[in-house]
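Letter by letter, the chains look like this.
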Amino acid sequence: MGVFERHKPKEPRWLGPSAPTRMALIPSISAARWLLILIAAAGIYFFYGFLVPVLAAGVIGFATWPLYNELLRRVGGNTTLAATIAIGFIVAFLVLPIVLSAFYMAGEVRDWFTWAVHVNRDGAPPPTWILALPVIGDWLGDQWTQYVGSPGAMGELAQLVSGAHIGNIYRAVLAAGGGAFHVILTLLFMLIALFFVYRDGATFVRQVDLLGERILPHRWERISRVVPATISSTVMGMTLIAIGEGVVLGIAYWIAGAPSAVTLGVLTGVMALVPGGAPLSMSLVSIYLVASGSHWAGIGLFIWGTVELFVVDKTLRPKLVGGPIKLPFLPTFFGLVGGVKTMGFLGLFIGPVLMAIIVAIWREWIREAEIAEDHALQEPELQLHVRDVSEG
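Just so it is clear, the structure is predicted and the values come from calculations on it, not from any experiment. (Residues numbered from 1 in each chain as written. Predicted model: local features only at pLDDT ≥ 70, side-chain atom pairs only at ≥ 80, totals over all residues. Heavy atoms only, no water.)

Draft legend 1. Up close: the overall build of the protein chain. Helices and strands together make up the secondary structure of the protein chain, namely 15 helices and 0 strands. Here the protein chain holds 392 residues, and 30% of them are scored as buried. Of all intrachain contacts in the protein chain linking residues separated by at least 6 positions in sequence, the fraction that spans at least 24 positions is 68%. When the accessible surface of the protein chain is totalled, it reaches about 26,300 Å², and 71% of it is carbon and sulfur. (Helix = DSSP H or I, 4+ residues; strand = E, 2+ residues; numbered from the N terminus. Buried < 20%, exposed > 50% of the residue type's maximum accessible area, 1.4 Å probe, protein only. Contact = heavy atoms within 4.5 Å. Areas by Shrake-Rupley, 256 points an atom, 1.4 Å probe, with all protein chains shown as cover.)

Below you can see the structure in the form of structure tokens.
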């Protein structure tokens, strides 16, 4: 009986426990790590299209979290109600103004390209306000005639700069309206993600803190403070103020009689993300108004813009962020260009935030390296002092 049981064939194991005497080819910890990496890579691959709206929702959620906490306190701790009200405010004061500005800007840019096509076909003389400019008026007039005013000259210039014919660029601008549906879907997904960021953000932060302590046990405590502060400072000190400057100066352009005031206001807001961009844009529009004959309008715009920018930089910006944003020009520029290239319109806001986070983490690492170096230099001196004291 014992011999029969010894040679009895084993039943097949599909999901049963493995034999304790067998060695696993891959340790369980390594297998779990690789499985986690594969699952994360698959998730990124399949949900890559949602990355931009989720990042935008995270950035807005981080920046407005103190305001949301105050709203949550006023509604008695009801997270669903507070998140719904917060989304309503975001739509009313952020999404709708951006959508309306983009709508008007698209019409003005289409008019610009229509004018460019006509000038490329028929030519155009230099504007009188260019010829009236002191010192450089005649030279600019010659450049206009050579590169813009002659028939076909603008097409050659556009092809030299962009590599595409001006007719193709014009048709691409006209067809850009077809991408409006994609933009609307992106905004919709962003609002949905932002709703859950508000409603479940506290729980998610606790889970991230738990994982961060396991992955970076010695650095996570400081990184978890630096990153939210950097996001809030960048959004409040750069993005939000840039939008405000674009709106205020855009209204000033319209009052002063500048053409395409909406487009110029949007461009001023984008330039305001770069240090010195808003004063440069405002000064160029003022010079255009003065040169085109609207002397008082140009002078008034310049005075108003100078006062407004001074007040914002000296009072409003420090009050919002507790001090100026010390983000170098080059990371800011790369954040803008790279953000727009990879993420579209929302990249204007996400790109500088990501670059600010990178710069902040880099500065933290440099700070830790300097502290470690100082300790390494002070340790021999401390040992020598202890030895002198013991000998004395």
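Draft legend 2. Seen up close, a nonpolar patch on the surface. Taken together, the side chains of Tyr45, Phe46, Phe47, Phe50, Val54, Leu188, Phe189, Ile192 and Phe196 define a hydrophobic patch exposed on the protein surface, amounting to about 970 Å² of accessible area. Elements supplying a minimum of two residues to the nonpolar patch: helix H2 (28-46) and helix H9 (180-215). The biggest single contributor to the nonpolar patch is H9, with 4 residues. For Phe196, the position within the fold is in helix H9. Residue Phe196 is classed as partly exposed on the basis of its relative accessible area, which comes to 41%. (Patch = residues over 30% accessible without salt bridge, like charges linked within 9 Å, V, L, I, M, F, W, Y side chains within 5 Å. Salt bridge = Lys/Arg side-chain N within 4 Å of Asp/Glu carboxyl O.)

Draft legend 3. A look at helix H4 (residues 79-122). Counted at 1.5 Å a residue, the expected span for H4 with its 44 residues is 64 Å, and the 62 Å between its end C-alpha atoms agrees. Restricting attention to buried positions, one finds in H4 the residues Ala82, Ala83, Ala86, Ile87, Ile90, Val95, Glu108, Val109, Ala116, Val119 and Asn120. With a side-chain oxygen positioned 3.3 Å from the backbone nitrogen of Thr80, the residue opening H4 is Asn78. Phi turns positive, to about 80°, at Gly123, one or two residues after H4. (Expected span 1.5 Å × (residues − 1). Polar contact = N/O pair within 3.5 Å; in protein donor to acceptor, adjacent residues only side chain to side chain.)

Draft legend 4. The arrangement of the pattern of salt bridges in detail. Applying the stated rule across the entire model yields 3 salt bridges. One salt bridge in this structure joins Arg199 and Asp200, with 3.2 Å as the shortest N-O distance. Here Arg199 falls in the partly exposed class, since its relative accessible area comes to 30%.

Draft legend 5. Examining helix H6 (residues 137-149) more closely. Look at H6: only 15 Å from first C-alpha to last across 13 residues, short of the 18 Å you get at 1.5 Å a residue. When H6 is considered as a whole, its buried residues turn out to be Gly137, Gly141, Trp144, Val148 and Gly149.

Draft legend 6. Seen up close, the packing of aromatic side chains. Counted under the stated rule, the structure contains 5 aromatic pairs. Aromatic side chains Trp65 and Tyr68 sit 5.1 Å apart centroid to centroid with 40° between the ring planes, which places their arrangement in the tilted category. Separated by 3 residues within a single helix, Trp65 and Tyr68 lie in helix H3 (residues 51-74), roughly one turn from each other. You can call Tyr68 buried: its relative accessible area is 3%. Taken together, Trp65, Tyr68 and Tyr198 form an aromatic cluster joined through their ring pairs. (Phe/Tyr/Trp six-rings, centres within 6.5 Å; stacked < 30°, edge-to-face > 60°.)

Draft legend 7. Fine view of the packing of H4 against helix H11 (residues 261-271). The contact between H4 and H11 brings their axes to 8 Å, and the two run at 110°. When the axis of H4 is compared with that of H11, the two are roughly perpendicular. In this structure, the crossing between H4 and H11 has a hand that is left-handed. Together, Ser101, Tyr104, Met105, Glu108, Val109 and Trp112 of H4 and Ala261, Val262, Thr263 and Val266 of H11 make up the contact between the two elements. (Axes fitted to C-alpha atoms, helices over the stretch in contact; angles between N-to-C directions. Parallel < 35°, antiparallel > 145°, perpendicular 65-115°, else oblique. Left-handed = near helix turned anticlockwise from the far one by under 90°.)

Draft legend 8. Highlighting the nonpolar core. In terms of nonpolar packing, the biggest core is built from 21 residues, with Tyr68, Ile90, Met190, Leu194 and Tyr198 touching the most fellow members. Those elements giving two or more residues to this core turn out to be H3, H4 and H9. Apart from residues lying up to four places away in sequence, Leu194 is in contact with Ala57, Ile60, Gly61, Ile87 and Ile90. In this structure, Ala252, Ala256, Ala261 and Leu309 belong to the second largest nonpolar core, which totals 19 residues. (Core = buried A, V, L, I, M, F, W, Y, C linked by side-chain atoms within 4.5 Å.)

Draft legend 9. Local environment of the confidence of the model for the protein chain. The predicted model of the protein chain has a mean per-residue pLDDT of 75, with 75% of residues at 70 or higher. Within the protein chain, the lowest mean pLDDT, 50, falls on helix H1 (residues 2-6), and the highest, 88, falls on helix H12 (residues 277-291). (pLDDT = per-residue confidence, 0-100.)

Draft legend 10. Structural view of unusual backbone geometry. For Ser260, which is not glycine, the phi dihedral falls at a positive 55°. Position of Ser260 relative to the elements: it lies in the loop between helix H10 (220-256) and H11. Residue Ser260 is classed as buried on the basis of its relative accessible area, which comes to 19%.

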